[in-house]
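One-letter residues, chain by chain:
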Amino acid sequence: MKTNQNTRHKYQKEILDFCKKKHLTVENILEKLKKKNPEVGQATVYRTIKFLNESKKLNKIFHQNKNFYETQENFHGHLVDEKNKIKDFDISEEFLKVMEKKIGKKIKSLDLKVFI
Ligand SMILES: [Zn+2]
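Treat the numbers as computed from the prediction; the structure is a model and nothing was measured. (Residues numbered from 1 in each chain as written. Predicted model: local features only at pLDDT ≥ 70, side-chain atom pairs only at ≥ 80, totals over all residues.)

K.L.:
Is there a simple way to explain the sheet that holds strand E5 (residues 113–115) in this structure?
P.N.:
Hydrogen bonds between backbone groups are what pair the strands of a sheet, and the pairing can be parallel or antiparallel. Strand order across the open sheet formed by 3 strands is E4-E3-E5, with mixed pairing between neighbours. Only two strands of the sheet have a single neighbouring strand rather than two, namely strand E4 (86–90) and E5. For this sheet, the mean angle separating the axes of adjacent strands, direction not counted, is 35°. As judged from the 5 bridges shared by strand E3 (residues 76–80) and E4, these two strands associate in the antiparallel manner. Within E4, the residue paired with His 78 across the bridge is Asp 88. (Pairing = 2+ DSSP bridges. Helix = DSSP H or I, 4+ residues; strand = E, 2+ residues; numbered from the N terminus. Axes fitted to C-alpha atoms, helices over the stretch in contact; angles between N-to-C directions.)

Here it is in structure tokens:
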């Protein structure tokens, strides 16, 4: 089934809403989207997530052999707890400044995972 542009935008918006302050797998997103739009196909969801990731609206986090997606927010790190759950933690301006000074360049993005 061909998806028209309005439907595509609707899916994009809903996916971004689901992934706000959360870390979801493709399966999680598919399940949520299907609840609201039973007609949506798996290929469409994969395509939309890929598009959102490439246009830097969705972040991809690789953890335990799975990809997790979240909306692109300010710099933050990921804390992996004893139960292997991913949580966000804030990265301070000071920390970034110290890192930039060490590197001698401006930091564009950050991929930091901390295990406890
Ligand atoms: Zn996060």
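K.L.:
Quick question: what am I supposed to make of the domain arrangement of the protein chain here?
P.N.:
The extent of an interface is frequently quoted as the accessible surface area lost upon association of the parts. Parsing the protein chain into structural domains produces domain 1 (5–71) and domain 2 (76–115). Taken over C-alpha atoms, the centre of domain 1 sits 24 Å from the centre of domain 2. When grouped by side-chain class, the residues that make up the side of domain 1 that touches domain 2 number 2 nonpolar, 3 polar and no charged. (Domains from an automatic or database assignment. Nonpolar A, V, L, I, M, F, W, Y, C, P; charged D, E, K, R; others polar.)

K.L.:
Even after reading the chapter, I still don't get the pairing of strand E1 (residues 58–63), so can you show me in this structure?
P.N.:
Each regular strand shows side chains that alternate between the opposite faces of the sheet. Judged from the 6 bridges that link them, E1 and strand E2 (residues 66–71) form a sheet pairing that is antiparallel. In the sheet register, Lys 60 faces E2, and the bridge partner there is Tyr 69. Connecting E1 to the next strand, E2, in antiparallel fashion are 2 residues, including Gln 64 with a positive phi near 50°.

K.L.:
Would you explain the packing of helix H1 (residues 5–18) against helix H2 (residues 26–36) in this entry?
P.N.:
For any two helices packed against each other, one specifies the inter-axial angle together with the distance between the axes. At a closest axis distance of 10 Å, the pairing of H1 and H2 adopts a crossing angle of 125°. As far as their axial angle goes, H2 and H1 are oblique. Where H1 crosses over H2, the two elements pack in a sense that is right-handed. Here Tyr 11, Glu 14, Ile 15 and Phe 18 of H1 lie close against H2, whose contacting residues are Ile 29, Lys 32, Leu 33 and Lys 36. (Parallel < 35°, antiparallel > 145°, perpendicular 65-115°, else oblique. Left-handed = near helix turned anticlockwise from the far one by under 90°. Contact = placed C-beta atoms within 7 Å.)

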